[in-house]
Amino acid sequence: MDYAIAIEDFTRAYPDIEPLCRAHYAEMKARMEAEGMKIGEYKPRLNVYREATHLLCFVVRHEGDAIGYALIWITQDMHNSELISQEDTIYIRRDHRNGIGRKFTKHILAELKARGCVRAHVTI
């Protein structure tokens with residue numbers, strides 16, 4: 001399958017990635033609740049994402065349709081001012097979990113390195 005990975009403007013991309021955001025949240029919520037943690041309903045703070053100047057919105061598309069996304073914050077380390085990044089979220093639609101996630105992650109890391117980031121913090 002052919003996939004296209006690009007950085008897109010969050011506000012423009014959001015209508016396409018919103019179903020993915022909901023699916024991702026539902027998966028995470030189910031996992032956490034299975035462990036006995038109560039998680040609130042899906043209610044993203046869209047104003048924070050729309051106004052952010054230090055957020056990268058990566059989108060994976062297959063035949064034009066968004067099938068994955070990642071939101072990555074870029075900032076400076078408070079101790080030495082080095083450029084660092086923090087993964088906010090990364091998600092691939094279930095029916096496309098066939099290895100594209102690895103390619104997506106490598107693409108993100110290469111982009112961060114090209115931008116001068118010396119560390120990338122990710123969650124599992």
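To be clear, the structure that these remarks concern was listed above.
Peer 1: Hey, could you run me through the nonpolar core in this one?
Peer 2: Inside soluble globular proteins, nonpolar side chains tend to come together where they are buried. In terms of nonpolar packing, the biggest core is built from 16 residues, with F10, I17, C57, Y69 and L71 touching the most fellow members. Elements with a contribution of two residues or more to this core: α1 (10-34), α2 (46-51), β2 (55-62) and β3 (65-76). In terms of residue count, α1 provides more of this core than any other element does, six residues in total. Counting 15 residues, the second largest nonpolar core, distinct from the first, contains Y3, V60, A70 and I100.

Peer 1: Would you explain the sheet that holds strand β1 (residues 4-8) in this entry?
Peer 2: The pairing of strands in a sheet comes from backbone hydrogen bonds and takes either a parallel or an antiparallel form. Spatial strand order, β1-β2-β3-β4-β5: five strands in an open sheet with mixed pairing. Edge positions in the open sheet fall to β1 and β5 (119-121), since each of these has one partner strand only. Across the sheet, the mean angle from the axis of one strand to that of its neighbour is 25 degrees, orientation sign disregarded. In the sheet, β3 pairs with strand β4 (residues 83-92) via nine bridges, with the strands oriented antiparallel. Residue pairing for β4: Q76 is matched across the bridge by L83. The sheet contacts of α1 involve β1, β2, β3 and β4, and relative to β3 the element is tilted by about 100 degrees.

Peer 1: Honestly, the pattern of salt bridges in this entry has me stumped. Any pointers?
Peer 2: Pairing is possible between side chains that carry opposite charge, provided their charged atoms lie close to one another. Summed over the entire model, instances satisfying the criterion amount to 11 salt bridges. The salt bridge involving K29 is made with E33; its shortest N-O contact spans 2.8 Å. Residue K29 and its partner E33 are both found in helix α1; the two are separated by four residues, about one turn of the helix. Relative accessible area serves as the criterion here: at 14%, K29 is assigned to the buried category. With relative accessibility at 32%, the residue E33 sits in the partly exposed group. By sharing partners, the salt bridges in this structure join E8, D16 and R61 into a single network.

Peer 1: Sorry if this is basic, but what is going on with the pairing of β4 here?
Peer 2: Put simply, side chains in a regular strand alternate between the two faces of the sheet. Between β3 and β4, which pair antiparallel and follow one another directly, the connecting turn spans six residues, one of which, S81, has a positive phi of 65 degrees. Sheet topology note: the β4/β5 ladder contains three bridges and is parallel. Residue pairing in the sheet places Q86 in a bridge with H121 of β5. With helix α3 (residues 100-114) bridging β4 and the parallel β5, this β-α-β connection has right-handed handedness.

Analysis parameters
- Residues numbered from 1 in each chain as written.
- Predicted model: local features only at pLDDT ≥ 70, side-chain atom pairs only at ≥ 80, totals over all residues.
- Heavy atoms only, no water.
- Core = buried A, V, L, I, M, F, W, Y, C linked by side-chain atoms within 4.5 Å.
- Buried < 20%, exposed > 50% of the residue type's maximum accessible area, 1.4 Å probe, protein only.
- Helix = DSSP H or I, 4+ residues; strand = E, 2+ residues; numbered from the N terminus.
- Pairing = 2+ DSSP bridges.
- Axes fitted to C-alpha atoms, helices over the stretch in contact; angles between N-to-C directions.
- Contact = heavy atoms within 4.5 Å.
- Salt bridge = Lys/Arg side-chain N within 4 Å of Asp/Glu carboxyl O.
- Right-handed = clockwise from strand over helix to strand, strands pointing away.

Shape is all these values report; function is a separate question.
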